[in-house]
Amino acid sequence: MSELIGADFRPSKIVCVGRNYVDHARELGNEVPKAPLLFLKAPSAFVPNGEPILIPEQSQQVEHEAELGIVIAERCNGLQDTDDVKRYIKGFTCVNDVTARDIQRSDVQFTRAKSFDTFCPIGPHIVAELNVEDIGVICRVNGEVRQSGRTSQMVFSPAFLIRYISRQMTLMQGDVIATGTPAGVSKLNPGDVCEVEIEGIGVLSNPVFPAKD
Ligand code: ZN
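Residues numbered from 1 in each chain as written. Predicted model: local features only at pLDDT ≥ 70, side-chain atom pairs only at ≥ 80, totals over all residues. Heavy atoms only, no water.

A. Summary view of the coordination of the zinc ion. Coordination sphere of the zinc ion, protein contribution only: Glu65 (OE), Glu67 (OE) and Asp97 (OD), at 1.9 to 2.1 Å. When the donors of the zinc ion are listed by position in the chain, the intervening gaps give E-x1-E-x29-D. Highlighted residues: Glu65 in the loop between β6 (62-63) and β7 (66-72) and Asp97 in the loop between β8 (89-96) and β9 (99-100), separated in sequence by 32 residues. Of the two residues examined, Glu65 and Asp97, each falls in the buried class. (Donors = N, O, S within 2.8 Å, 3.2 Å for Na, K, Ca; no water. Helix = DSSP H or I, 4+ residues; strand = E, 2+ residues; numbered from the N terminus. Buried < 20%, exposed > 50% of the residue type's maximum accessible area, 1.4 Å probe, protein only.)

B. Here's a closer look at the packing of aromatic side chains. Per the stated rule, a full pass over the model turns up 5 aromatic pairs. Pairing Phe9 with Phe46 gives two aromatic rings, centres 5.4 Å apart and planes at 65°, and the pair type is edge-to-face. In this pair, Phe9 is assigned in the loop between β1 (2-4) and β2 (14-18) and Phe46 in strand β4 (residues 46-47), connecting sequence segments 37 residues apart. You'll find Phe9 and Phe46 in the same group, each marked buried. When the centroid spacing of 5.3 Å and the interplanar angle of 20° are considered together, the rings of Phe156 and Phe160 count as stacked. Taken together, Phe156, Phe160 and Tyr164 form an aromatic cluster joined through their ring pairs. (Phe/Tyr/Trp six-rings, centres within 6.5 Å; stacked < 30°, edge-to-face > 60°.)

C. Region of interest: the sheet that holds strand β15 (residues 202-210). Read from one edge to the other, the open sheet built from 5 strands follows the order β5-β15-β14-β11-β12, with strand pairing classed as mixed. With one partner strand each, in any of the chains shown, β5 (53-55) and β12 (144-150) form the two edges of the open sheet. Looking at each pair of strands side by side, their axes are set apart by 20° on average, direction ignored. In the sheet, strand β11 (residues 136-141) pairs with β12 via 6 bridges, with the strands oriented antiparallel. What sits directly across from Ile138, in β12, is Ser148. (Pairing = 2+ DSSP bridges. Axes fitted to C-alpha atoms, helices over the stretch in contact; angles between N-to-C directions.)

D. Representation of the nonpolar core in the model. Ranked by internal contacts, the top residues of the largest apolar core, which has 58 residues, are Leu68, Ile122, Ile162, Leu171, Ile177 and Ile198. Per-element tally for this core: the top contributor is β7, with 5 residues. (Core = buried A, V, L, I, M, F, W, Y, C linked by side-chain atoms within 4.5 Å.)

E. A look at the pairing of strand β10 (residues 120-127). Of all 8 residues making up β10, 8 are buried, and the element is well covered by its neighbours. Pairing analysis gives 3 bridges linking β1 to β10, with the strands arranged antiparallel. The residue bridging Leu4 from the neighbouring strand is His125, located in β10. Two elements, β4 and β10, share 2 bridges in a ladder whose sense is parallel. Bridge pairing in β10 places Val47 opposite Pro121. Where β8 and β10 come together, 3 bridges link them in antiparallel fashion. Looking at the pairing, Val95 lines up with Ile122 of β10.

F. Representation of the environment of Lys114 in the model. For Lys114, the location among the structural elements is in helix α3 (residues 111-114). Accessibility expressed as a relative area gives 2% for Lys114, which makes it buried. Between the C-alpha atoms of Lys114 and Gly78, which are 36 residues apart in sequence, the distance is 27 Å. With residues near it in sequence (within four places) discarded, Lys114 still touches Phe39, Lys41, Glu65, Asp97, Val98, Thr99, Gln104 and Phe119. (Contact = heavy atoms within 4.5 Å.)

G. Main features of the pattern of salt bridges. Applying the stated criterion across every chain yields a total of 15 salt bridges. When the shortest N-O distance is used, the salt bridge between Arg101 and Glu63 registers 2.6 Å. Taken together, the positions of Arg101 in helix α2 (residues 101-106) and Glu63 in strand β6 put the pair 38 residues apart, joining distant regions of the chain. For Glu63, a relative accessible area of 7% corresponds to the buried category. In this structure, Arg140 and Glu195 form a salt bridge, with 3.1 Å as the shortest nitrogen-oxygen distance. (Salt bridge = Lys/Arg side-chain N within 4 Å of Asp/Glu carboxyl O.)

H. Focus on helix α4 (residues 158-166). Three or more residues of α4 are buried, namely Pro158, Leu161, Ile162, Arg163, Ile165 and Ser166. Buried residues in α4 make contact with β2, β3 (37-41), β7, β8 and β13 (176-178).

Here's what the structure looks like:
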């Protein structure tokens, strides 16, 4: 069972997890965090499958990050280790956590680097029933594989993340959790086509355009 993600998709928030794959943390010269490293992406950054990613003039280094996304089924907070998280999961989808890497490095906060308009492709649909313990997470640019990891390499599992985040902030129906990216992030240029493919979900494909001609 799957549900298409259209242009009217409106999560109240997009919660992201940084450095949740050991090899990606290392490629950027970071340690693996002892607890999930959380940050938010502005919901206004969302674009559906097929819509362009726009390269803003403020950045010289915009990069893709292929990630497994969790879509929340119903409002929840304060989930304990003994609580079953399944009822709170509407399903899974592909997320491209597009990042202005130069701005991320220059700012203390991730907000600006992660939240330009069009910096959050999500889709193409939500798959309700999926075992996400060990599935492939791939990013291709112009058909060439740049990232290829497996969810079994995550430091913190999806179930752990839902419980952890719900104890930090109330999760609302339709909210999205982006669970981190494997190694291989690289620069996107105008004219590229960026695809995030997750095994059992499908392909999220977005062309890359300059923000201005
Ligand atoms: Zn990310």
